[in-house]
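# Chains, contacts and geometry: an overview
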Amino acid sequence: MNNQDSLDKLVNIKGNRHGLVFYFNTKEANFQELSVALEEKLLSSGDFFQGAKYFISEDSDFSDKEEAVIYQILEKYNLHKGVIPAKKEPQDPPNSETAYYRLAGSQALFFTRSFRSGQSIQAEGDVVILGDVNNGAEIISSGSIVVAGSCQGILHAGFPANRENYIIVLALGPSQLRIGDITAYLPKGKTATGPEMALCQGEDLQVLPYNSQQLATLFQAQSV
């Protein structure tokens, strides 16, 4: 197990619609070890998380004094403590028999940066990345994934087993794509040919040139 794996075992970071949630493995390490692991993980990430909102998992069960130390470390790396907003009453969708649409998920995450090798995120809901996903980076989402950049890493939409999601990439290179429980490996030497989309069709994951009409038809079929 390398150092990164050891850090991930002690401190895990997941994203949701409110920001980044930090999970601490208090069963396998004491507070001192966890605080050191957090510092190393943030240091190795450079400015990747800078400016993000953060939350500490309730499962961590830290004392007030320990929690204050964690806050101090996180704010040292320019993360900001988040506040979960009050829930809004849902609004009725437009009354139109001819407009096919899917309501934007309230748990969509937007990243305006690239993912380097060794960096990963696991998110609840859709993920939109305005940047690149480089070789060795991994994006896992319970919803769909859109990458407005190049991708040579690992994308897993519909985690763990929802085949109705999709992946759209502006410049898709050699990558591993997964939707639900179906995986496709794009070989070395693959070059980007323009925007492409990955969809599950039957038992296969197909990578096709991006076609907004085909995607709209898919939404229409799923809404019936």
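For the structure, check the block above.
Residues numbered from 1 in each chain as written. Predicted model: local features only at pLDDT ≥ 70, side-chain atom pairs only at ≥ 80, totals over all residues. Heavy atoms only, no water.

## Concerning the pairing of strand E9 (residues 145-151)
Within a regular beta strand, the side chains point alternately toward one face of the sheet and then the other, so they alternate between its two faces. What counts is decided by this rule: Note on pairing: two strands pair once DSSP finds at least 2 bridges between them. The way it works is that DSSP assigns letters per residue, a run of H or I at least four long becomes a helix, a run of E at least two long becomes a strand, and they are numbered from the N terminus.
Bridging between strand E7 (residues 127-129) and E9 involves three bridges; their strand directions are parallel. Note on E9: the bridge partner recorded for Val-128 is Val-146.

## Quick look at the pattern of salt bridges
Formally: Whenever a carboxyl oxygen of Asp or Glu lies within 4 Å of a side-chain nitrogen of Lys or Arg, that contact is scored as a salt bridge. Burial status follows relative accessibility: with a 1.4 Å probe on protein chains alone, a residue under 20% of its type maximum counts as buried, one over 50% as exposed, and anything between as partly exposed.
According to the stated counting rule, one finds five salt bridges in the structure shown. As a salt-bridge pair, Lys-76 and Glu-39 come within 2.7 Å of each other at their nearest N and O atoms. In this pair, Lys-76 is assigned in helix H3 (residues 64-76) and Glu-39 in helix H2 (residues 31-44), connecting sequence segments 37 residues apart. The exposure class of Glu-39 is partly exposed, given its relative accessible area of 22%. For Glu-203, the salt bridge is made with Arg-163, and the minimal N-O distance between the two is 3.1 Å. Here Glu-203, found in the loop between strand E14 (196-201) and strand E15 (204-209), pairs with Arg-163, found in the loop between strand E10 (154-157) and strand E11 (167-172); they are 40 residues apart in sequence, far enough to count as distant. The class of Arg-163 is partly exposed, set by a relative accessible area of 29%. Each of Arg-163, Asp-181 and Glu-203 takes part in a single network of salt bridges with overlapping partners.

What is shown is where atoms sit, not what they do.
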